Amino acid sequence: MATTTRRRWRSPKPRRQQRAPAAGQGAFRLLRLLVVLLFLVLLGQLVRMQVVEGERYRELAAINALREVQVPAARGLIYDRQGRPLVYNEPRYAAAVVPGDLPAGQEETVYEELGRIIGMAPGEIRARVTEARGRASPYVPLVLKEDLDRNTALALKEREPDLPGVRLVVQSTRRYVEGPLMAHVLGYMGPISSEEYQALRDQGYTMHDWLGKAGVEASYESLLRGEPGRRLVEVDASGRERRVVSERAPVDGANLVLTVDLDLQRKVAEALQQHMGRSENAAAAVMDVRTGEVLALVSLPTFDPNIFSRPLRPEELAALTDNPGKPLLNHATAENFAPGSTFKTIVAAAALQEGVARPDTTFVSQGYIVIPNEIDPNAVYVCEDWSRLGRLDMYRALAMSSNVYFYYLAGARPDEFRGLGPDRLANYARAFGLGEPTGIDLPAEVAGTVPDPRWKERTIGEPWYLGNTCWFAIGEEYLRATPLQMLVAVGAIANGGQLLQPHLLREARDASGHAVRTAQREVKRMVPVSPQNLEVVRQGMVMSVESGVAQAAAVRGVKVAGKTGTAEFGEPDAQGRLSTHGWFVGFAPADDPLVAVVVFMRRGSGGQDAAPAAAKILDYIFNGSDLAQRLRAGRP
Amino acid sequence: MRAPHLPRHFDPWLLTAALALAAYGGLLIYSASLSSYPEGIRGLDHPVAKQAIYACVGLLLLAGAAYMDYRLLGAVAPSLYGLGLVLLVAVLLVGDASYGARRWLTIGGVQIQPSELAKLFTIIALARFLTDRQGEMHKLSNFLLSILIAGLPAVLVMVEPDMGTAIVFGAIWLALVTMGGARAGHVLSLLAFMVLAIPLIAVAALGDYQRERLALFFNPNLDPLGGGFNIRQAEIGVGSGGVLGRGLFQGTQTQLDFLQTASTDYIFSVLGEELGLLGAVVLLGLYTLLLFRGIRAASLAYDLFGRLLVTGIVVMVLVQVFINVAVNVRLLPVTGIPLPLISQGGSSLISTLVGVGLIESVLLRHKAIDF
């Protein structure tokens, strides 16, 4: 090409130039047509996008630029009955990234800087972001490190504007002032589970919310939470807020005033701790028998709910779940036990009311009774008393806690004495609130078990034997009740038959102090026992403390009525002895009852372990503080 | 080449259209850079100020090009063409890369885009070649030589990679050889050959970069936060503008930075979003005026060289406008090509204005004898 063309390339002289041929005019028409045609194609597409689908694109642009941000409401605080704070809100800082807001192509720079501030390897951040991108929407913040200290949080806050996609997440967390002391009453909070989220998303919960998981925190979640506000903001491509489009202020959660008296609670915990011995766990509660207000509710061992306010270390969780005392469980409400002889109060009331026995009905305890064996007519079954108590009327039987007396009342020897029989006894047990939750304002309450022949047939597949009636009469074998159920039942005996609904909330007040809910005294039902008959039971209980087996519950200056229980459970040890639960239920003053108390110890004796603990509690109420006076005067 | 007859044939409409487009562009660049320069033009580092300086330089060169006899270009065509090739090779060796492509060359502190110059130089070279071979273009050897002239720079820009500009070279060649008398059979068989070769090219010649861009065109949701992000955001921007637009400086896509490279390759999205269909009609109207006046100039040209020169410039502008807007409205895969006279960038603005100057130069001399 070079040689042939060079000549011409070098001859710029317009020697060969002529007027352009006129034939070219058609080409220009074609070119004009091409311009029009190409532009029409563009216009056609523009009309399709801007006119036909303009609305849809405008929505997409709005989705891009508008984000709804939840403004959390301050969670309500909780006070004891005297207004002493039990929980505060504390800020907690976390470092997060919004993967969708990271600068494309410059993520590494952000990872490095962020890693330097929070002390995390950039590689780890990258891995977590990559993993999160495949999992969730890129605009969901991914929390990288929780529980930043204040200085780190400040440093991050400072650098936030220069690090697109990086967020300092400020979460409010709960600080439980009394730590373990109020753990089972207050409960704790935790991150929402996916099941909870499914159930609560309609109420405005997000996947990152925390909510009450136990205790009052859980049962009054809706009151405490308040109503989160919403802010519609315009964000730029880096996710930074540019402008607030609209805003609805949050409504802070209500503050709760509980019925619990912090000083009493402390005293109850101390008394229980002193007397629980080698019990894995123990529980005690005090209730105002006129109102159902729970003045103290203690379950041991306990835990510090503050550990749930930050990420739980595996060893901390293991320490809680592996502990044989099951510290997370509220043993006063969430676990049931054989109530033992405390149940005799109900047997006595039932027998009186049904006309089966009178106060002066007398039996002699030889230390046991023999009942026919219904399976093998040649054998007999022996039901024992704890001692040869001799001749007993009903008062003395209650005071001395004679098993034999109550075997007869329950109908274990129908040939000698027409007793109640298991069905009638079960009906009374249920009337006193056993077998159903008390309805206290705490989650995870259990119902317990009231056995009867139908129940046994259904669950065990065997008929009811007289031997079962023996055990039923003294509150062992199948019968199960929570300490709180026994407290409410004894409360009904004390207050003349009103089965109260126990409650922990006294009042809920909104942020400006107006009461939004005031707890009302609620009588679930009247127990079907006449006042006279209840008076008999009360007298028996007074005698028990004055001269019977519950003498350790006596308190100076106040007449206490009480009933102990020592219920065998589990498998016999090497010496063939069974462990026993130690129980005490009682109330004071016996003549004008104010408070009822229940003490339960997993291992112990009712008379030697539970009763003295109850005495300390009652002594504090009537002698050690002005609580009794305040209650009488209707003051908190 | 005497001065007195010059003003009579000067086309004011051509210049007006070009100036109006440049001003329109300035307005859009201002809007697109508002989020980075919220306080407006405070100094010469503002994109609009820079663009205005380039426009002034461009206008001076336009005047010079119009004053100069375009026929002189024929004489220096081989040198200009050679210079263009040298620059295109240089950019591959020592160019500045951005967005995955190596397109800029820094000379004496000024960044230039050699492909913009090479386009003009190649038009001149092709016009000269076709004029020299007038009446001989039916020969296959001449036809193949013309392919070589356009193909060399096209291949060099494709390597950058800059597929869009390579296509512009192709379109210029096609228009000029058709007008220059090439055989329809030759042209058609070449086109057929290229169509058949597309799948092969896609596999063998296209880099990962281009294949990825093509894949994203067909499904931008593949990677909504990576390469597909911009396609998607541009589409949303244009679509959300509606008929009247969301108002100048009011487009959320533009002002909240959802749109990247808003002042260059995606400036049409700014217009579509903020000024709507109406703004787009005005824009295309101005281009139509510019191009029609250009075609008029080509049809009036005194000689074949002038006609081919003007046609080449007209086609260059037309194809760039079409490709750029088509990318913005998702009719074509992403390819970085500026919107002539509108997009921010000195090389494109100046070379387009020089092109306009050359058209005027051809017009001014379209009568052999002027009375």
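Reading the values: rules and limits
Residues numbered from 1 in each chain as written. Chains lettered and ligands numbered in written order. Predicted model: local features only at pLDDT ≥ 70, side-chain atom pairs only at ≥ 80, totals over all residues. Pairing = 2+ DSSP bridges. Helix = DSSP H or I, 4+ residues; strand = E, 2+ residues; numbered from the N terminus. Buried ≥ 20, exposed ≤ 12 C-beta atoms within 10 Å, placed from the backbone. Core = buried A, V, L, I, M, F, W, Y, C linked by C-beta atoms within 7 Å. Domains from an automatic or database assignment. Contact = placed C-beta atoms within 7 Å. Nonpolar A, V, L, I, M, F, W, Y, C, P; charged D, E, K, R; others polar. Axes fitted to C-alpha atoms, helices over the stretch in contact; angles between N-to-C directions.

Both faces of the sheet carry side chains from a regular strand, because those side chains alternate between them. All names here are of chain A. Here two bridges tie strand 2 (residues 78–79) to strand 3 (residues 85–97), and the two strands are oriented antiparallel to one another. Along strand 3, the bridge assignment pairs Ile78 with Val87. Between strand 2 and strand 3, which pair antiparallel in sequence order, lie five residues; one of them, Gly83, sits at a positive phi of approximately 85 degrees. When strand 3 meets strand 5 (residues 166–176), the two strands line up antiparallel, connected through eleven bridges. Residue pairing in the sheet places Val97 in a bridge with Val166 of strand 5. Alignment of strand 3 against strand 4 (residues 142–148), held across four bridges, turns out to be antiparallel.

A separate point is the pairing of strand 11 (residues 282–288) of chain A. All names here are of chain A. Of all seven residues in strand 11, seven are buried, a share of seventy percent or more. Of the two faces of strand 11, the one holding Ala282, Ala284, Val286 and Asp288 and the one holding Ala283, Ala285 and Met287 are both buried throughout. Relative to strand 23 (residues 595–601), strand 11 is paired through seven bridges, and the arrangement is antiparallel. For Ala284, the partnering residue across the bridge sits in strand 23 and is Val599. When strand 11 meets strand 12 (residues 294–300), the two strands line up antiparallel, connected through six bridges.

Attention now moves to the nonpolar core. By size, the foremost hydrophobic cluster in this structure holds 147 residues, and its most contacted members are Leu256(A) and Ala285(A). Sort the elements by how many residues they give to this core and helix 21 (residues 606–624) of chain A lands first, with ten residues. There are two domains that each give this core at least three residues, and those are domain 1 (68–258) and domain 2 (263–314 + 330–510 + 523–632) of chain A. Apart from the residues within four sequence positions on either side, Leu256(A) is in contact with Gly76(A), Ile78(A), Tyr79(A), Val216(A), Tyr220(A), Leu223(A), Leu224(A), Leu505(A) and Ala508(A). Counting 125 residues, the second largest nonpolar core, distinct from the first, contains Ile231(B), Val238(B), Leu318(B) and Ile359(B).

Each neighbour pair has its own omega, and for Ala588(A) with Pro589(A) the value is -15 degrees, a cis peptide bond. Mapped onto the secondary structure, Pro589(A) falls in the loop between strand 22 (579–588) and strand 23. With omega at 5 degrees, the peptide bond leading from Glu160(B) into Pro161(B) counts as cis. Mapped onto the elements of the fold, Pro161(B) is located in the loop between helix 6 (140–159) and helix 7 (163–179). Here the phi dihedral of Lys326(A) falls at roughly 45 degrees; this positive angle occurs in a residue that is not glycine. Counting through the fold element by element, Lys326(A) comes out in the loop between helix 12 (314–322) and helix 13 (344–353). Of note in the backbone geometry, Ser401(A) takes a positive phi value of approximately 55 degrees without being a glycine. Mapped onto the elements, Ser401(A) comes out in the loop between helix 14 (394–400) and helix 15 (403–410).

This part covers the interface of chain B and chain A. At the interface, 47 residues of chain B touch 43 residues of chain A. Take the side of chain B that touches chain A: its biggest share by element is eleven residues, from helix 12 (residues 267–300) of chain B. Grouping the constituent residues of the side of chain B that touches chain A by class yields 29 nonpolar, 13 polar and five charged.

Our focus in this paragraph is the sheet that holds strand 9 (residues 241–248) of chain A. Backbone-to-backbone hydrogen bonds join strands into a sheet, with any given pair of strands oriented parallel or antiparallel. Residue and element names in this part refer to chain A. Spatially, the three strands line up as an open sheet ordered 1-8-9, and their pairing is antiparallel. What marks the edges here is a single partner per strand, and that holds for strand 1 (66–71) and strand 9. Along the sheet, successive strands turn relative to each other by an average axial angle of 30 degrees, direction set aside. Note that strand 1 and strand 8 (residues 229–235) share six bridges and pair antiparallel. Bridging from a neighbouring strand, Glu68 pairs with Leu232 of strand 8.

Functional significance is not addressed by these values, which are geometric in nature.
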